[in-house]
Amino acid sequence: MTDLIQLLINGLAIGSVYALAAIGFVIVYSATGVVNFAAGQFVMFGTFAGVAMLLNAQLPWPVGYGAALLAMALFGALFFAVLYLPLRASPVVTIIIGTVAIGITMQNAALLAFGSWPFRLPSPLEGVNLTVAGATISAHAVAAVIVTALMVALLWLLFFRTSLGIGMRAVAQDIKAARLMGLKVNRLLALSWILAALLAGVAGLMLGPMWFADTSMGDPIALKAFAATIIGGFGSLPGAIVGGLFVGLSEVLGASYVSSAYKDLISFGIMILFLLVRPQGVFGERVQDRG
Amino acid sequence: MLLTDYHLRLVNLAVISAVAVIGLNFAFGYAGLISLGHAAFVGMGAYGVALLTTLLGWSSWLALPVAVAGTAVVAILIGVPLLRLKGHYLALATLGFNVSFSIVAANWIEVTGGTNGISRIPELQIAGHALSDERSYLWFALVVLAASAIVAALIHASRHGRAMIAVRDDETASSMTGIDVRRVKLAAFVLSSVYAAVAGGLFACHMRFISPEDFGYAHSITYLAMLVVGGEGSIVGAILGAMLVTFLPEWLRFLGPAYLAFFGLFVLAILIFLPSGLAGIRWPARLRRNGRMNIPGLLAASEEVRP
């Protein structure tokens, strides 16, 4: 029982990170139609922004976190300008390969800057443990779940209570109509990339203390984010959350109760099952002709 | 040919990739199916040959066709359910297939040797002459590539090839002209897996050692990148793309440790500035008239398949 509680919390914590990565992926997909294969490298950049600010520059953590997130926001804007703007009218595959190419560049730039040696990103809650029903749980894992819940609440406020967010949803729904209504479409599209980069930044900062951070960590995260997106429903924000938590839980519980070698097959097997039986995921995508 | 063994090895790898990419051209270039699982089919061909020769002691010449046939059967089995999906759903499903293949290949240790892979795959022999060095293997690989390209060109020119292109351009319209859309898609998918398995068998016999990382999903994306960079829908483009993407990191080596970072930017630049790939370059009129390269024919071939 105590083991189970520990596994559940750890699964939720890692699942929160996948959920944030998946939300960033979904926001960009809904707004711009881009399937971002560099999503995992975004999270890797988030972790290494943390490494640069907290370990290399030795900033105190509130300042360091702020600086890392600011760097991620700038990166999101840069990505919009360098990749999205020139390729926006290209076919899906060209954009997929474009994001992969940029992902390769990102990974190798990080490798040049930080080397292949893994880093241990500290947490502000380093060494703090909680005891719940006899199980010892790291406070960082609990904080990761809480931060994710907070981010989701903020996103909900942004999308449903501010004119900015409503504009972003309008662009996601019909870009031409939004332009005709006088919305600054390009600015809103840029904002969705910045938002995705920020969410990946938060995910990266939370992931750093849970894993050892190395520059090849991006690909496995991207694969989990894709699985989460499919299971939850392509283009659906609640789906990204549910899918992310599911993938995280299945990974941690599967590794412990089934087989650590085949733990990833569970989430991918279920992803393929969903594609075959219910491709619209748990929270189906309404638009039929997105494919 | 004054190439060092290392460069000959790269040419061999590029030729083997070109066979796989010509295959991918059926699925993606002609039928418009975004497949991110091509490397898994290459892997099945390679593992098939490796297992049949090392475990059962078969001759490579017997193992190759059996491995290719086995891969085709797997392609039919997964193609029937997966090909109902379109666009990026299909892309992610085939990606999941590729990831699953890698996980099984890395963990089914009793059969695949896990991450240690399979070594001591016997070399190919032709009339008692072993294809043991890079140069003799290259001649053999070039013959296979030429045969693959000719067969692909014949299929492209046949009504089957035109049916694939029709399905890519407009599914509804082509089904109304009597084309069985699902069957054409499956045929393109299985054909692409057959080419992939041939490439995998060539790879296994050339390297004589294989491991799961040779067939990860990143390689599927590389094959797709080769096709898009070369110019999708064009056999010449498939070959050019395979050559360029194999050698580009080599040519960028003067950049030192940053060469892979620049590799990504180069591919991006090609996508932005050459949207129809290398085969779609408008060469200057002078070059075309000289006939040094048969570009008009090339252009006509690539334009025929482009809407």
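Everything numeric in this text was worked out from a predicted model, so none of it was measured. (Residues numbered from 1 in each chain as written. Chains lettered and ligands numbered in written order. Predicted model: local features only at pLDDT ≥ 70, side-chain atom pairs only at ≥ 80, totals over all residues. Heavy atoms only, no water.)

### Topic: the pairing of strand E2 (residues 135-138) of chain A
Within a regular beta strand, the side chains point alternately toward one face of the sheet and then the other, so they alternate between its two faces. Residues and elements named next belong to chain A. To keep things clear, this is the line we draw: Three exposure classes are used, based on accessible area relative to the maximum for each residue type with a 1.4 Å probe and protein chains only: buried under 20%, partly exposed in between, and exposed over 50%. A run of H or I in DSSP counts as a helix once it spans at least four residues, and a run of E counts as a strand once it spans at least two, with each numbered from the N terminus. Whether two strands pair comes down to DSSP finding at least two bridges between them.
Of the two faces of E2, only the one carrying Ala135 and Ile137 is buried; Thr136 and Ser138 on the other face are not. One ladder, built from 4 bridges, connects strand E1 (residues 129-132) with E2; its direction is antiparallel. Considered in E2, the bridge of asparagine 129 is made with serine 138. Once E1 ends, the chain turns through 2 residues before running back antiparallel as E2, passing alanine 133 with a positive phi of about 50°.

### Things to note about unusual backbone geometry
A negative phi angle is the norm for most residues apart from glycine, just as the trans form is the norm for most peptide bonds. In this structure, glutamine 58 of chain A takes a positive phi of about 55° despite not being glycine. If you trace the backbone, glutamine 58 of chain A turns up in the loop between helix H2 (39-56) and helix H3 (61-87). With a phi angle near 60°, arginine 208 of chain B is a residue other than glycine that sits in the positive phi range. With respect to the element layout, arginine 208 of chain B can be found in the loop between helix H9 (181-207) and helix H10 (217-230). When its relative accessible area of 34% is taken as the criterion, arginine 208 of chain B is described as partly exposed.

### Side note on the side chain of glutamate 134 of chain B
Residues and elements named next belong to chain B. For clarity, the threshold we go by: Two N or O atoms form a polar contact when they lie within 3.5 Å of each other; inside protein one atom must be a possible hydrogen donor and the other a possible acceptor, and for residues adjacent in sequence the pair counts only when both atoms belong to side chains. We call two residues contacting when some pair of their heavy atoms lies within 4.5 Å.
Residue placement: glutamate 134 occurs in helix H6 (residues 134-157). Judged by relative accessible area, which is 10%, glutamate 134 ranks as buried. A polar side-chain atom of glutamate 134 sits 2.9 Å from a polar atom in the side chain of asparagine 12. Here glutamate 134 is in contact with Asp5, Leu8, Arg9, Asn12 and His206, once residues within four sequence places are set aside.

### Observations concerning the packing of H2 of chain A against helix H4 (residues 92-114) of chain A
Residue and element names in this part refer to chain A. Applied cut-off: Axis definition: a line fitted to C-alpha atoms, limited for helices to the stretch in contact. Angles are taken between N-to-C directions and run from 0 to 180 degrees. By definition in this entry, angles of less than 35 degrees are roughly parallel, angles greater than 145 are roughly antiparallel, angles of 65 to 115 are roughly perpendicular, and the rest are oblique. Helix crossings are classified by the rotation of the near helix relative to the far one: an anticlockwise turn of less than a right angle makes the crossing left-handed, while a clockwise turn makes it right-handed.
Where H2 meets H4, the closest approach of the two axes is 10 Å, and the angle between their N-to-C directions is 20°. With respect to H4, the axis of H2 lies roughly parallel. Like other packed secondary-structure pairs, H2 and H4 cross with a definite hand, here left-handed. Here Gln41, Phe42, Met44, Phe45, Phe48, Val51, Ala52 and Asn56 of H2 lie close against H4, whose contacting residues are Gly103, Met106, Gln107, Ala110 and Phe114.

### Section: the confidence of the model for chain A
Under the convention used in this document: Here pLDDT means the predictor's own confidence in every residue, given as a number from 0 to 100.
Predicted confidence across chain A gives a mean pLDDT of 89, with 98% of residues reaching 70 or more. The low-confidence segment residues 287-291 of chain A, where pLDDT is below 50, has 6 contacts with residues more than four positions distant or belonging to other chains.

### What to know about the interface of chain A and chain B
Using the following cut-off: By convention, the term buried area covers the 1.4 Å-probe accessible surface removed from two parts as they join, with the contributions of both added. Here a salt bridge means any side-chain nitrogen of Lys or Arg lying within 4 Å of a carboxyl oxygen belonging to Asp or Glu. Only Asp, Glu, Lys and Arg are considered charged, only Ala, Val, Leu, Ile, Met, Phe, Trp, Tyr, Cys and Pro nonpolar, and every remaining residue, Gly among them, polar.
Contact residues are listed per partner, giving 37 residues for chain A and 37 residues for chain B. Buried surface at the junction of chain A and chain B, both sides included, amounts to about 3,300 Å², of which 82% is carbon and sulfur. Counting every contact that joins chain A to chain B gives 0 salt bridges. There are 3 residue pairs in polar contact (both at pLDDT 80 or more) connecting chain A and chain B. Sorting the residues of the side of chain A that touches chain B by element identifies H3, H4, helix H9 (218-232) and helix H11 (263-277) of chain A as the ones contributing at least two each. Looking at the side of chain A that touches chain B residue by residue, the classes come out as 28 nonpolar, 5 polar and 4 charged.

### Description of the environment of alanine 238 of chain B
Residues and elements named next belong to chain B. Mapped onto the elements, alanine 238 comes out in helix H11 (residues 235-251). Exposure remark for alanine 238: the relative accessible area of 0% places this residue in the buried category. Spatially, the C-alpha atoms of alanine 238 and proline 275 are 15 Å apart, while their sequence positions differ by 37 residues.

### Overview of the pattern of salt bridges
In the structure shown here, the tally under the stated rule is 10 salt bridges over all chains. Its salt-bridge partner being glutamate 251 of chain A, residue lysine 224 of chain A comes within 3.1 Å of it at the nearest N-O pair. Of this pair, lysine 224 of chain A sits in helix H9 while glutamate 251 of chain A sits in helix H10 (residues 237-257), placing them 27 residues apart in sequence. Residue classification places lysine 224 of chain A among the buried residues on the basis of a relative accessible area of 5%. Look at glutamate 251 of chain A and you get buried, because its relative accessible area is 10%. When the shortest N-O distance is used, the salt bridge between arginine 253 of chain B and glutamate 250 of chain B registers 3.3 Å. Overall, glutamate 250 of chain B belongs to the buried group, its relative accessible area being 16%. Within the structure, one salt-bridge network assembled from shared partners comprises Lys224, Glu251, Lys263 and Asp264 of chain A.

### Points about the packing of aromatic side chains
Applied cut-off: Stacked, tilted and edge-to-face pairs are distinguished by plane angle, under 30 degrees for stacked and over 60 for edge-to-face with tilted covering the rest, among Phe, Tyr and Trp rings (Trp via its six-membered ring) whose centres lie within 6.5 Å.
One pass over the structure, following the stated rule, counts 28 aromatic pairs over all chains. Ring centres 6.4 Å apart and planes at 40° place the aromatic pair phenylalanine 42 of chain A and tryptophan 193 of chain A in the tilted group. Of this pair, phenylalanine 42 of chain A sits in helix H2 while tryptophan 193 of chain A sits in helix H8 (residues 185-207), and the two are 151 residues apart along the sequence. The burial state of phenylalanine 42 of chain A is the same as that of tryptophan 193 of chain A; both residues are buried. For the ring pair phenylalanine 234 of chain A and tyrosine 89 of chain B, a centre distance of 5.3 Å and an interplane angle of 55° mean the geometry is tilted. In this pair, phenylalanine 234 of chain A is assigned in the loop between H9 and H10 and tyrosine 89 of chain B in helix H4 (residues 87-107), connecting two distinct chains. Each member of the pair, phenylalanine 234 of chain A as well as tyrosine 89 of chain B, is classed as buried.

### Points about a nonpolar patch on the surface
Residues and elements named next belong to chain A. Which entries qualify depends on this criterion: Like charges within 9 Å and nonpolar side chains (Val, Leu, Ile, Met, Phe, Trp, Tyr) within 5 Å are joined into patches, using only residues over 30% in relative accessible area that form no salt bridge. Using a 1.4 Å probe, the Shrake-Rupley method yields the accessible areas, and only the shown protein chains count as cover for residues.
The grouping of Met1, Leu4, Leu8, Tyr257 and Val258 at the surface amounts to a nonpolar patch, some 540 Å² of accessible area in total. Looking at the element boundaries, leucine 4 is found in helix H1 (residues 2-32). Taking the relative accessible area as the measure of exposure, leucine 4 reaches 31% and is therefore partly exposed.

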